[in-house]
Amino acid sequence: MTMEAGEGFPPSTDTPTDLGAHLRAAREAAGHSLAGMAALTHFSKPYLSLVETGRRQATPDIVERYEHALGVPIGTPADPVRRTHEWLLDNPPATGCLRAGRRIGATLIRTLEARVIDLRHLDDTVGSRTLLPVIRAELDQAEHLAHTASYTDASGRRLYTVIGELAQLAGWVASDAGNYSDAQRLYLSGVTAADAAGDRALGAQLLSSLAYQITNIGKRDDALLIARSAVTGAPHATPLVRALLLERLAWAAARLRDTDTTRRALDAVNDAYDQHSDGIAEPEWVYWLNQTEIDVMAARCLIELGTPASAEPLLTRALAGYNHDHAREVALYQTWLAEGHAKAGNLDAARAVLHRIDTTAINAGSTRLHRRITAVDRLINRRAQKKKPANSTRRPTE
């Protein structure tokens with residue numbers, strides 16, 4: 001899963017009692033019984049009763065399930081910057097789960113963990129439209145287990161890690177499909193799960209993923225703050241995790257034309273990457289980060305900072321050796337090469353690259369790629385218009 005180009009819920013500004021009352025009111029207004037809502041949301045009826053009466057927290061996934069089932073917004077959307085501050089200060093919202101129902105053990109947890117890895121690698125080759133509902137179904141199942149099954153503390157931490165990783169993957173794929181509000185909600189709910197698992201690096205990954213989305217489609221100042229907080233809040237991250245977090249910080253800074261921060265972050269990316277080794281256990285979710293991906297991000301930042309000529313050799317080399325089974329990433333990186341050519345004044349080369357792009361990924365639901373191709377095409381046309389000579393009123397020489 002490689003990096004390319006809200007509203008969320010954790011935590012609500014409502015009190016647990018108020019939010020529970022909102023959920024109950026929305027359910028009753030739609031004519032659903034508590035048992036019916038349990039069937040629609042896949043949470044147990046006793047658990048939803050506790051939530052609606054304020055005796056259990058209305059977690060982000062519960063609010064989202066109610067909204068999805070009822071088709072109405074509920075509660076007050078959260079401020080992602082506020083949630084980042086809470087995470088940075090290690091003051092997550094309280095999380096609670098019912099320890100009832102069948103007991104689950106290590107075998108089921110291992111199955112769930114393996115499934116997350118399979119889905120993550122499918123994102124390299126399967127379109128968002130196909131993959132997103134599959135990931136969401138897996139996330140629903142894992143959350144249902146967390147709220148209805150019983151397990152040891154160790155198994156619980158692993159289960160909540162699975163939930164956090166699935167939330168990050170679902171958020172990433174939703175963002176690729178252009179479902180930005182859903183993606184933000186998923187990212188922030190994943191932070192809550194990562195907190196429950198005690199996985200600081202995963203929390204940072206979720207927040208930096210959100211920062212990446214906001215960098216591309218939202219308030220860039222907020223994105224820079226969140227990206228920087230993700231780096232700061234995970235000081236003991238492994239080398240590849242730190243490199244990934246720093247890449248997203250560099251991108252957020254580049255989009256703000258903050259040259260000094262961008263260059264310092266890119267230098268730190270290289271330093272962190274140089275420290276990785278086979279002897280250091282990295283989380284599986286950084287499997288894709290290598291020197292090629294680092295060069296691509298550096299090139300993108302250089303283009304944003306106004307030095308496209310320096311970016312061209314990095315992108316050309318990266319694309320020459322890239323796995324073309326990963327059609328979306330190849331196409332996305334070609335858009336950056338085309339943009340670099342356009343900004344360097346070589347419009348013919350820019351058009352040629354853009355015309356070579358395989359748009360299969362757009363047909364598979366990648367709004368991100370569609371936006372990139374459209375943006376670069378407009379850039380080329382604007383540059384071409386500026387290069388046209390003004391119409392002359394002089395008559396040609398006879």
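From a predicted model like this one, the values you see are computed outputs, not experimental measurements.

Peer 1: Explanation requested: the overall build of the protein chain in the structure shown.
Peer 2: A tally of helices and strands in the protein chain yields 19 helices and 0 strands. When each of the 398 residues of the protein chain is scored for burial, the buried share is 53%. Split by element, the accessible area of the protein chain, about 17300 Å² in all, is 51% carbon and sulfur.

Peer 1: Just to check I follow, could you spell out the confidence of the model for the protein chain for this structure?
Peer 2: Low-confidence regions, as indicated by low pLDDT, have predicted coordinates that should not be scrutinised in detail. Confidence in the prediction of the protein chain, expressed as mean pLDDT, is 89, and 89% of residues score 70 or more. Within the model, the stretch residues 2-13 combines pLDDT values under 50 with 64 contacts to residues more than four positions away or in other chains.

Peer 1: What's the story with the packing of helix 15 (residues 308-320) against helix 16 (residues 327-343) in this structure? I'm lost.
Peer 2: Each pair of packed helices gets described by two things: the angle between the helix axes and the distance between those axes. Relative orientation of the contacting elements helix 15 and helix 16 amounts to 155°, with a least axis distance of 9 Å. Considering the angle they form, helix 15 stands roughly antiparallel to helix 16. Like other packed secondary-structure pairs, helix 15 and helix 16 cross with a definite hand, here left-handed. Contact with helix 15, carried on its side by Pro308, Glu312, Leu315, Thr316 and Leu319, involves Val330, Tyr333, Gln334, Trp336, Leu337, Gly340, His341 and Lys343 of helix 16 and no other residues of that element. Counted by class, the contact of helix 15 with helix 16 contains 7 nonpolar, 4 polar and 2 charged residues.

Peer 1: Explain the environment of Pro283 here, please?
Peer 2: Looking at where Pro283 falls in the secondary structure, it is placed in the loop between helix 13 (259-274) and helix 14 (291-304). Judged by its relative accessible area of 24%, Pro283 falls in the partly exposed class. Residues Pro283 and Leu202, spaced 81 residues apart in sequence, show a C-alpha to C-alpha distance of 8.8 Å. Setting aside residues no more than four positions away along its own chain, Pro283 makes contact with Thr238 and Val241.

Peer 1: What is the right way to look at the nonpolar core in this model?
Peer 2: Soluble globular proteins tend to bury their nonpolar side chains together. Residues Ile135, Leu159, Ile163 and Leu166 are the most contacted members of the largest nonpolar core, which totals 105 residues. The dominant element in this core, judged by the number of residues it contributes, is helix 12 (residues 239-255), at 12 residues. Dropping the residues within four chain positions of it, Ile135 is found in contact with Leu119, Leu166, Leu169, Ala170 and Val173. With 16 residues, the next largest nonpolar core counts Ala38, Tyr47, Ala58 and Ile74 among its residues.

Peer 1: Would you take a moment to explain the packing of aromatic side chains for this structure?
Peer 2: Aromatic ring pairs are defined here through the distance separating the ring centres and the angle between the ring planes. All chains considered together, the criterion is met by 4 aromatic pairs. Ring centres 5.6 Å apart and planes at 25° place the aromatic pair Trp172 and Tyr212 in the stacked group. With Trp172 in helix 8 (residues 153-176) and Tyr212 in helix 10 (residues 200-217), this pair connects stretches of sequence that are 40 residues apart. Neither Trp172 nor Tyr212 differs from the other in exposure class; each is buried. Above the plane of the ring of Trp87 lies Arg200, whose end atom (NZ or CZ) is 4.0 Å from the centre. Above the face of the Trp336 ring, Arg372 is positioned so that its terminal group lies 3.7 Å from the ring centre.

Peer 1: I keep staring at the environment of Thr152 and nothing clicks. Help me out?
Peer 2: Of note, Thr152 is situated in the loop between helix 7 (128-148) and helix 8. Separated by 48 residues in sequence, Thr152 and Ile104 have C-alpha atoms that sit 8.5 Å apart. Only 3.1 Å separates the side chain of Thr152 from the backbone nitrogen of Ser155, close enough to count as a polar contact.

Peer 1: Explanation requested: the side chain of His326 in the structure shown.
Peer 2: By secondary structure assignment, the location of His326 is in the loop between helix 15 and helix 16. Aside from chain neighbours lying at most four places away, what touches His326 is Asp124 and Thr125.

Peer 1: Help me understand helix 9 (residues 180-197) in this model?
Peer 2: One full turn of an α-helix is made of 3.6 residues, so residues set three or four places apart face in the same direction. Helix length check: helix 9 (18 residues) gives 25 Å between terminal C-alpha atoms against 26 Å at 1.5 Å per residue, within 8%. In terms of residue burial, helix 9 counts as a mostly covered element, since 14 of its 18 residues are buried.

Peer 1: Sorry, what's going on with the pattern of salt bridges here?
Peer 2: Considering all chains together, one arrives at 24 salt bridges under this definition. One salt bridge in this structure joins Arg185 and Asp182, with 2.9 Å as the shortest N-O distance. In this pair, Arg185 and Asp182 both sit in helix 9, 3 residues apart, roughly one turn of the helix. Assessed through its relative accessible area of 9%, Arg185 is described here as buried.

Peer 1: Just checking my understanding: could you explain the environment of Ile62 for this structure?
Peer 2: Within the element layout of this structure, Ile62 appears in helix 4 (residues 60-70). In this structure, the C-alpha to C-alpha distance between Ile62 and Glu143, residues 81 residues apart in sequence, is 9.5 Å. Excluding residues that lie within four positions of it along the chain, Ile62 makes contacts with Leu23, Phe43, Tyr47, Leu48, Val51 and Gln57.

Peer 1: Just checking my understanding: could you explain a positive patch on the surface for this structure?
Peer 2: Taken together, the side chains of Arg378, Arg382, Arg383 and Lys386 present a region of like positive charge at the surface. Counting through the fold element by element, Arg378 comes out in helix 19 (residues 367-387). On the basis of relative accessibility, which here comes to 53%, the residue Arg378 falls in the exposed class.

Peer 1: Got a minute to help me understand unusual backbone geometry in this structure?
Peer 2: In most cases, non-glycine residues show a negative phi, while peptide bonds are predominantly trans. Although it is not a glycine, His42 adopts a positive phi angle of roughly 70°. For His42, the location among the structural elements is in the loop between helix 2 (34-41) and helix 3 (45-52). What makes His42 partly exposed here is its relative accessible area of 43%.

Peer 1: Where do I start with the packing of helix 6 (residues 106-122) against helix 7 in this structure?
Peer 2: Where helix 6 contacts helix 7, the axes come no closer than 11 Å and their chain directions differ by 160°. It follows from the interaxial angle that helix 6 and helix 7 lie roughly antiparallel. The crossing of helix 6 and helix 7 is left-handed. In this structure, helix 6 contributes Leu108, Leu112, Arg115, Leu119 and Leu122 to the contact, and helix 7 contributes Leu131, Val134, Ile135, Glu138 and Leu145. In terms of residue class, the contact of helix 6 with helix 7 is made up of 8 nonpolar, no polar and 2 charged.

Scoring rules and cut-offs
- Residues numbered from 1 in each chain as written.
- Predicted model: local features only at pLDDT ≥ 70, side-chain atom pairs only at ≥ 80, totals over all residues.
- Heavy atoms only, no water.
- Helix = DSSP H or I, 4+ residues; strand = E, 2+ residues; numbered from the N terminus.
- Buried < 20%, exposed > 50% of the residue type's maximum accessible area, 1.4 Å probe, protein only.
- Areas by Shrake-Rupley, 256 points an atom, 1.4 Å probe, with all protein chains shown as cover.
- pLDDT = per-residue confidence, 0-100.
- Contact = heavy atoms within 4.5 Å.
- Axes fitted to C-alpha atoms, helices over the stretch in contact; angles between N-to-C directions.
- Parallel < 35°, antiparallel > 145°, perpendicular 65-115°, else oblique.
- Left-handed = near helix turned anticlockwise from the far one by under 90°.
- Nonpolar A, V, L, I, M, F, W, Y, C, P; charged D, E, K, R; others polar.
- Core = buried A, V, L, I, M, F, W, Y, C linked by side-chain atoms within 4.5 Å.
- Phe/Tyr/Trp six-rings, centres within 6.5 Å; stacked < 30°, edge-to-face > 60°.
- Lys NZ or Arg CZ within 6 Å of the ring centre and 35° of its normal.
- Polar contact = N/O pair within 3.5 Å; in protein donor to acceptor, adjacent residues only side chain to side chain.
- Expected span 1.5 Å × (residues − 1).
- Salt bridge = Lys/Arg side-chain N within 4 Å of Asp/Glu carboxyl O.
- Patch = residues over 30% accessible without salt bridge, like charges linked within 9 Å, V, L, I, M, F, W, Y side chains within 5 Å.
- Lys, Arg positive; Asp, Glu negative; His and termini not counted.
- Charge placed at Lys NZ, Arg CZ, Asp CG, Glu CD.

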